[in-house]
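Each chain, letter by letter, is given below.
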Amino acid sequence: MNPRQRMLALVRGQPLDQVPFVQYDNMCASNEVIWEALGPNNMGVLRWTTVHRVEHPHCQLITEKALINGKPGWRDTLVTPAGTLTQERTRVRGLGVSAYTKHYVESMEDYAVVRAYLRDGIVLPDIEPTIRAHRELGDQGLPHVALTRTPYQQMWVQWVAITDFCLHLADDTGIVRECMDLMGQEVLRIAEVARDASRDTLIPYVDMPDNITAGPIGPRQYRQWCLPYYTKIADMLAEVDVKVYVHMDGDLKALWPALDEWPPHGIDSLAPPPDNDTRVADVVNRWPDTRILVNFPSSVHLADDATIYAQAVELLEEGGHTGRLQIQVSEDPPPDRWRVSFPAIVRAVKDFGQP
């Protein structure tokens, strides 16, 4: 089997010749460099993509390079009919991502601008990025088709610092919830577009890119702001046999009872010990139909060959026999350590053999 066939077989519950080993597209190094080092059949690729776009005809987003606290970064300015907001970001050295130093929303008054932006949004189909991903990845991988974050997660990840958000939610006179309801409506419109797009191109599953971790959301907010959308989307996409995965890359143990109420069809980027609190074995035993796209623990990439191999063996022994396990690199690993860690993981997968 080639990497694409393995990844599809896992989604569909079909037999595998070995546990898939995958990285997010070009995450640790270019795919070509890694294929040259490992062999193309030993590394699959997931490329984040979409089948929609959201246009805002009466708003404008302006991004410019800026020096933020003496560090190179960006200043984003959101211009709407209700006013203007700015956020500032700096580059995280070695990881290719940015960290917020200033959020768009800092006071209750700022939500009027967010509301104007959300009201202006028009969701349109755009399947070209996913068609292109299928074409360019070929036998090496799959499109990782994202919808958008559910309202609570979208707020604190994209718009407002978590502490401010919790205070605003507690003091809300209506506008915070109104913004979140508008976000929820957009989530469902995007899911409808994905349902229709699945009739024109292969979409084995969609991914809710929610970055779930128990601490910031807790069971009550998870039940209020995530579960209803997950279940509605799962029901909608069941019409076209498209599964719903959720990106859950943090501590999950406090959410286990809530996850029991609707276990995701797949947990994307599960973060097991030593980095976080939910093991592959926990998912295997608690949610017997859930696909487990486990991130190889980022901290272990720094270890020696024997420790990395042992960690991979542990993941395989806990879940490899189920046919539901995919080992992947989907959280930022230490720079350049892949040359040590990837060969050890591949060796463990080969030694484990057929699930």
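Whatever comes next refers back to the structure up there.
Residues numbered from 1 in each chain as written. Predicted model: local features only at pLDDT ≥ 70, side-chain atom pairs only at ≥ 80, totals over all residues. Heavy atoms only, no water.

Draft legend 1. Spotlight on the pairing of strand β14 (residues 325-329). By the criterion of burial, β14 is predominantly enclosed, with 5 of the 5 residues buried. Residues Leu325, Ile327 and Val329 of β14 are buried on one face, and the alternating residues Gln326 and Gln328, pointing to the opposite face, are buried as well. Summarising the sheet, strand β1 (residues 21-24) and β14 pair through 3 bridges and their orientation is parallel. Bridge pairing links Val22 to Gln328 in β14. Two elements, strand β13 (residues 291-295) and β14, share 4 bridges in a ladder whose sense is parallel. Paired with Leu293 across the bridge in β14 is Gln326. After leaving β13, the chain enters helix α12 (residues 305-319) and then returns to the sheet as β14, a path that is right-handed. (Buried < 20%, exposed > 50% of the residue type's maximum accessible area, 1.4 Å probe, protein only. Helix = DSSP H or I, 4+ residues; strand = E, 2+ residues; numbered from the N terminus. Pairing = 2+ DSSP bridges. Right-handed = clockwise from strand over helix to strand, strands pointing away.)

Draft legend 2. Representation of the sheet that holds strand β9 (residues 141-146). Ordered by their spatial adjacency, 8 strands build a closed barrel running β1-β2-β9-β10-β11-β12-β13-β14, and the pairing between neighbours is parallel. When strand polarity is set aside, the average angle formed by the axes of neighbouring strands in this sheet is 30°. With 5 bridges connecting them, strand β2 (residues 44-49) and β9 associate as parallel partners. Looking at β9, one finds that Leu46 is bridged to Leu142. Helix α13 (residues 338-352) rests against β1 and β14 of the sheet, and its axis sits at about 150° to β1. (Axes fitted to C-alpha atoms, helices over the stretch in contact; angles between N-to-C directions. Contact = heavy atoms within 4.5 Å.)

Draft legend 3. Quick peek at the layout of surface pockets. The computed volume of the second largest pocket comes to approximately 160 Å³. Every residue lining the second largest pocket is listed: Val11, Lys243, Tyr245, Pro263, Pro264, His265, Trp287, Pro288, Asp289, Thr290 and Arg291. By residue class, the composition of the lining of the second largest pocket is 6 nonpolar, 2 polar and 3 charged. (1 Å grid on protein atoms, 1.4 Å probe; cavity = no way out; pocket = protein on both sides within 12 Å on 5 of 7 lines; lining within 4 Å. Points joined across faces, edges and corners; volume = space filled by probe spheres on them. Nonpolar A, V, L, I, M, F, W, Y, C, P; charged D, E, K, R; others polar.)

Draft legend 4. Here's a closer look at the pairing of β9. Summarising burial for β9: 6 of the 6 residues are buried, a large majority. Here β9 runs beside strand β10 (residues 205-208); their pairing, made up of 2 bridges, is parallel. Directly across from Val145, in β10, lies its bridge partner Val206.

Draft legend 5. The arrangement of the packing of aromatic side chains in detail. Under the counting rule described, the total for this entry stands at 10 aromatic pairs. Ring geometry for Tyr152 versus Phe165: centroids 5.0 Å apart, planes at 65°, classification edge-to-face. Residue Tyr152 is found in helix α5 (residues 151-159), and its partner Phe165 is found in helix α6 (residues 162-170); the two are separated by 13 residues along the sequence. As far as burial versus exposure is concerned, Tyr152 and Phe165 are alike and both buried. Through successive ring pairs, a cluster of aromatic residues spans Phe21, Trp338 and Phe342. A cation over an aromatic ring shows up here: Lys232 above the ring of Tyr229, its NZ or CZ 5.9 Å from the ring centre. (Phe/Tyr/Trp six-rings, centres within 6.5 Å; stacked < 30°, edge-to-face > 60°. Lys NZ or Arg CZ within 6 Å of the ring centre and 35° of its normal.)

Draft legend 6. Geometry of helix α1 (residues 3-12). When you tally the buried positions in α1, you get 8 out of 10 residues, the bulk of the element. The N-capping residue of α1, defined by a side-chain oxygen 3.2 Å from the backbone nitrogen of Arg4, is Asn2. Looking one or two places after α1, you find Gly13, whose phi comes out positive at around 70°. (Polar contact = N/O pair within 3.5 Å; in protein donor to acceptor, adjacent residues only side chain to side chain.)

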